[in-house]
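Secondary and tertiary structure notes
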Amino acid sequence: MSESPETPQPQHVPRPVTPGTQASYGTYGGRPVSFVRRGTRLQGRRQAAWELHAERWAVNVPRHVANTSVHPDYTFDAEAEFGRKAPLIVEIGSGLGDAICHAAEQNPDTDFLAVEVYTPGLANTLIKINSRGLSNVRVVEANAPEVLATMLPEGSVSELWVFFPDPWHKSRHHKRRLIQPEFAELAARALKKGGLWRIATDWSNYAVHVRDVLADSKDFENLHTGERRGPESPLTHVWQSGVESVVGGAPVREGRPPVSTEHTGPNEGVDETGGWAPRFEGRIRTSFEAKAHEAGRLIFDLCYRRR
């Protein structure tokens, strides 16, 4: 019996990649990214909320090489989306939407954009938007650097919020931290001159990392340079109390290092630099922040102005 000729297999044609975009560096592959997608499946009320409200409140962006990428040719038109011209606040990593929906409720004359890669979190945000009757919030499932690099028009953002980003504790993972010199350049591009960048973290090592990164940036000035230093510094308290040797509220096992090593960085005893902002009153205490307090960790706020 003679063998039939093999059926020709279609050849894979790679999608074009625009030079200079994150995709050109191997998005979600060779180039480190700052997030781990913890789940995308929607069930129950989240699935129902997505089906009912995503078309109205979720920005439908054209993709590039992944389902969280943004095609570099796409530009978000806030005035057309919201039907008015108003200040725009963007929250990177909006989680379950507690902070941004509370702020939108308190500030009806301001528009808000929630940027998140966690689909169930976005669905939860849609539930809050609908139940509170908010018209000044939109959500987008997208990778933050691409949102700042191409999706948002240059100088279109009044405030940028990054609250409690993933700390990536281990030294070898520090390159994955969201706030890096390159990210600061993208933030500066999107923010208007005089616009504010508000940051909060509950880990001192990340707080120092952010302070160092933005101290070297020509685009930003710390609005609280030299403030809360010495004995008044939360960093001094962390160093001297050893509070971060307790991980997640559970004591470190005797004879073992902390579960997440190098949380606090070099212990200098007293923080003579300072630069910490007072707690941002516009940030509601979310369940995430409450857990940090329950574990005994301190919150570090920083606030920078676009030069």
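Relevant structure appears above.
As a starting point, this report considers the structure included with it.

What counts and what doesn't
Residues numbered from 1 in each chain as written. Predicted model: local features only at pLDDT ≥ 70, side-chain atom pairs only at ≥ 80, totals over all residues. Heavy atoms only, no water. Helix = DSSP H or I, 4+ residues; strand = E, 2+ residues; numbered from the N terminus. Contact = heavy atoms within 4.5 Å. Areas by Shrake-Rupley, 256 points an atom, 1.4 Å probe, with all protein chains shown as cover. Salt bridge = Lys/Arg side-chain N within 4 Å of Asp/Glu carboxyl O. Buried < 20%, exposed > 50% of the residue type's maximum accessible area, 1.4 Å probe, protein only. Right-handed = clockwise from strand over helix to strand, strands pointing away. Pairing = 2+ DSSP bridges. Phe/Tyr/Trp six-rings, centres within 6.5 Å; stacked < 30°, edge-to-face > 60°. Lys NZ or Arg CZ within 6 Å of the ring centre and 35° of its normal. Arc of directions from axis to C-beta.

1. Some details on the overall build of the protein
- For the protein, the count of helices and strands is nine helices and seven strands.
- Within the protein, counting contacts between residues at least 6 apart in sequence, those at least 24 apart form 80% of the total.
- By element, 49% of the accessible surface of the protein is carried by carbon and sulfur atoms, the whole surface being about 16,100 Å².

2. Quick word on the pattern of salt bridges
- The full count for this structure, using the stated rule, is 13 salt bridges.
- In the salt-bridge network here, residues are joined through shared partners; they are Arg 279, Arg 283, Glu 289 and Asp 301.

3. Here we look at the pairing of strand 5 (residues 191-201)
- Burial analysis of strand 5 places eight of its eleven residues in the buried class, which makes it a mostly covered element.
- Handedness of the crossover joining strand 4 (residues 157-163) and strand 5 through helix 6 (residues 181-190): right-handed.
- Bridge analysis of strand 5 against strand 7 (residues 300-306) gives six bridges, and the strand direction is antiparallel. Bridge assignment links Leu 196 to a residue of strand 7, and that residue is Arg 305.

4. Quick look at the environment of Leu 96
- With respect to the helices and strands, the residue Leu 96 is situated in the loop between strand 1 (88-92) and helix 3 (98-106).
- Separated by 190 residues in the primary sequence, Leu 96 and Thr 286 have C-alpha atoms spaced 9.3 Å apart.

5. Focus on the pairing of strand 1
- Burial analysis of strand 1 places five of its five residues in the buried class, which makes it a mostly covered element.
- Every second residue of strand 1 is oriented toward a common face, with Leu 88, Val 90 and Ile 92 on one face and Ile 89 and Glu 91 on the other, all of them buried.
- Relative to strand 2 (residues 111-116), strand 1 runs parallel, the two sharing five bridges. If you follow Val 90 over to strand 2, its bridge partner there is Leu 113.
- Handedness of the crossover joining strand 1 and strand 2 through helix 3: right-handed.
- Bridging between strand 1 and strand 4 involves four bridges; their strand directions are parallel. Within the sheet, the bridge partner assigned to Val 90 lies in strand 4 and is Leu 160.

6. Structural notes on the packing of aromatic side chains
- Considering all chains together, one arrives at eight aromatic pairs under this definition.
- The interplanar angle of 50 degrees and the centroid separation of 6.0 Å between the aromatic rings of Phe 183 and Trp 197 together place this pair among those described as tilted. In this pair, Phe 183 is assigned in helix 6 and Trp 197 in strand 5, connecting sequence segments 14 residues apart.
- Classification of Phe 183 as buried rests on a relative accessible area of 4%.
- Look at Trp 197 and you get buried, because its relative accessible area is 0%.
- By the ring-pair criterion, three or more aromatic residues cluster together here, those being Phe 112, Trp 161, Phe 163 and Phe 280.
- Taking NZ or CZ as reference, Arg 198 lies 4.0 Å from the ring centre of Phe 280, over its face.

7. Quick look at helix 9 (residues 287-294)
- Residues Glu 289, Ala 290 and Ala 292 constitute the buried set of helix 9. End-on, the buried residues of helix 9 take up no more than an arc of 155 degrees, which puts them together on one face. Opposite the buried face of helix 9, at more than 90 degrees from it, the exposed residues are Lys 291 and Glu 294.
- Directly beyond the C-terminal end of helix 9, a positive phi value near 90 degrees is found at Gly 296.

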